Amino acid sequence: MLKSYFLSLLTHTRLHHTSIRLRRTSAQVLSASLAALALSSTNSMAQTEVPFDQKPTQVYSIAGHLADLKFKLNRAGNQTLDNEQLQGKVVLVFFGYASCPDICPTTMAELTDVLHELGPELAKQVQIVFVSVDPHRDTPEVLQAYVDAFDNGAIGVTGNPQEIAEVARRYRVSYQIEKPKPGADPNNYEVMHAQGVYVFDKKGKARLLASNLNFPEEFITKLKTLLN
C-alpha cells in the first residue's frame with residue numbers, strides 16, 4: 001500500500017532537464033519504490049506535452065509517509081543551517097539549482113506570490129529553504145544571491161555531493177548531474193531534478209507535497225490550516 005502511495009505521489013512530479021548552453025527541457029517521470037527512485041525520460045515529442053507552467057497542481061498529504069525535517073547544510077556567510085534553527089516555523093523546501101532557466105525561477109516566484117496571499121502575519125511564520133542539487137556551481141554565496149532576487153526571505157543551502165545525496169534520499173528526491181564531456185567546459189553540464197515543494201510543520205513533521213504551484217489555491221488553503 002505504501003509503495004502504491006509513493007508511486008501515485010511521485011509520478012506526478014516532473015523532472016527538469018536543462019543545459020546551461022542549450023537551455024533545453026524534456027519531460028521526465030519519477031518512478032518510485034520503497035527502496036529507491038529511478039529516473040526515466042520520455043521521447044523527443046515534448047511539444048505535445050502541456051507546458052510545465054500550465055500543469056495542474058496536485059497537493060498530497062505526506063504525514064506519516066516521509067521523515068521529519070532533518071539536515072545540516074552550508075549557507076552564505078560561512079554559516080550552517082539545520083532543522084533545529086527552523087523550529088517554530090512552517091518550512092517550505094524546494095530542491096533545484098541556481099542555473100536552472102525555467103522551473104526553479106518560476107517556482108521561486110510562485111512561492112513569493114504564496115507569501116503575499118498569506119498576508120504579513122502568516123507569512124512571518126513561514127521559512128522557504130532552497131536546497132541546491134548542484135554544489136559544484138552553487139556556492140553558498142551564489143545560491144543566496146539567487147534566492148534573494150525573489151524577495152521572499154528564502155535561505156539557500158548546499159553542501160558537498162554526499163551531503164546533498166543524503167538529504168535527497170531522505171525525502172525521495174531524484175536528481176542527476178551529467179558529467180561534462182572530456183575536454184569540454186567543466187561548468188557546462190546538464191542537471192535533472194524533481195519538481196515539487198515539501199511542507200513541514202512547526203515541529204518539523206512532513207505534512208504536504210505540492211507537485212507545483214501553478215494553481216496554488218488548494219496549497220494556500222492547506223498551508224493556512226497548518227499556520228493557524
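### A short note on the pairing of strand 5 (residues 72-75)
Pairing of strand 5 with strand 6 (residues 79-82), which is carried by four bridges, proceeds in the antiparallel orientation. Looking at strand 6, one finds that Leu73 is bridged to Leu81. Hairpin connection from strand 5 to strand 6: three residues lie between these consecutive antiparallel strands, with Gly77 at a positive phi of about 80°.

### Section: the packing of aromatic side chains
Going through the model one piece at a time under the given rule, you end up with six aromatic pairs. Pairing Phe130 with Tyr146 gives two aromatic rings, centres 5.7 Å apart and planes at 65°, and the pair type is edge-to-face. Highlighted residues: Phe130 in strand 8 (residues 126-132) and Tyr146 in helix 4 (residues 140-148), separated in sequence by 16 residues. An aromatic cluster of at least three residues, connected via ring pairs, comprises Phe94, Phe130, Tyr146 and Phe150. A cation over an aromatic ring shows up here: Arg137 above the ring of Tyr189, its NZ or CZ 3.7 Å from the ring centre.

### Description of the pattern of salt bridges
All chains considered together, the criterion is met by five salt bridges. For the salt bridge of Glu121 with Lys124, the shortest nitrogen-to-oxygen distance reads 3.4 Å. Taking relative accessible area as the criterion, Glu121 reaches 55% and is therefore assigned exposed. You can call Lys124 exposed: its relative accessible area is 52%. In this structure, the salt-bridge partner of Asp134 is Arg137, at a minimum N-O distance of 2.6 Å.

### Thoughts on the sheet that holds strand 9 (residues 155-157)
If you walk across this open sheet you meet the six strands as 4-13-12-7-8-9, and the pairing is mixed. Of all strands in the sheet, those with a lone pairing partner are strand 4 (59-61) and strand 9, marking the two edges. Looking at each pair of strands side by side, their axes are set apart by 25° on average, direction ignored. As paired elements, strand 12 (residues 197-200) and strand 13 (residues 206-210) share four bridges and run antiparallel to each other.

### As for helix 5 (residues 161-170)
The complete set of buried residues in helix 5 reads Ile164, Ala165, Val167 and Ala168. All buried residues of helix 5 lie within an arc of 165° about the axis, which places them on one face of the element. Away from its buried face by more than 90 degrees, helix 5 exposes Gln162, Glu166 and Arg169. Those residues of helix 5 hidden inside the fold are in contact with strand 5, strand 7 (90-96), strand 8 and strand 10 (175-177). The distance from a side-chain oxygen at the start of helix 5 to the backbone nitrogen of Gln162 is 3.0 Å, and the residue carrying that oxygen is Asn160. Looking at the residues trailing helix 5, positive phi occurs at Arg172, about 55°.

### Considerations on the nonpolar core
Counting residues in each nonpolar core, the largest one holds 62 residues, and the members touching the most others are Leu92, Val93, Phe95, Leu118, Tyr198, Phe219 and Leu223. Broken down by element, the residue count for this core peaks at seven residues, all from helix 2 (residues 103-118). The residues contacting Leu118, other than those within four sequence positions of it, are Ala123, Val126, Ile220, Leu223, Lys224 and Leu227.

### Re the confidence of the model for the protein
For the protein, the mean per-residue pLDDT works out to 81, and 79% of the residues sit at or above 70. Note on residues 1-48: pLDDT under 50 across the span, and 114 contacts to partners over four residues away in sequence or across chains.

### A look at the environment of Arg137
With respect to the element layout, Arg137 can be found in the loop between strand 8 and helix 4. Take Arg137: its relative accessible area is 12%, and that puts it in the buried class. Distance from Arg137 to Tyr97, taken between C-alpha atoms, is 8.7 Å for residues 40 residues apart in sequence.

Scoring rules and cut-offs
- Residues numbered from 1 in each chain as written.
- Predicted model: local features only at pLDDT ≥ 70, side-chain atom pairs only at ≥ 80, totals over all residues.
- Heavy atoms only, no water.
- Pairing = 2+ DSSP bridges.
- Helix = DSSP H or I, 4+ residues; strand = E, 2+ residues; numbered from the N terminus.
- Phe/Tyr/Trp six-rings, centres within 6.5 Å; stacked < 30°, edge-to-face > 60°.
- Lys NZ or Arg CZ within 6 Å of the ring centre and 35° of its normal.
- Salt bridge = Lys/Arg side-chain N within 4 Å of Asp/Glu carboxyl O.
- Buried < 20%, exposed > 50% of the residue type's maximum accessible area, 1.4 Å probe, protein only.
- Axes fitted to C-alpha atoms, helices over the stretch in contact; angles between N-to-C directions.
- Arc of directions from axis to C-beta.
- Contact = heavy atoms within 4.5 Å.
- Polar contact = N/O pair within 3.5 Å; in protein donor to acceptor, adjacent residues only side chain to side chain.
- Core = buried A, V, L, I, M, F, W, Y, C linked by side-chain atoms within 4.5 Å.
- pLDDT = per-residue confidence, 0-100.

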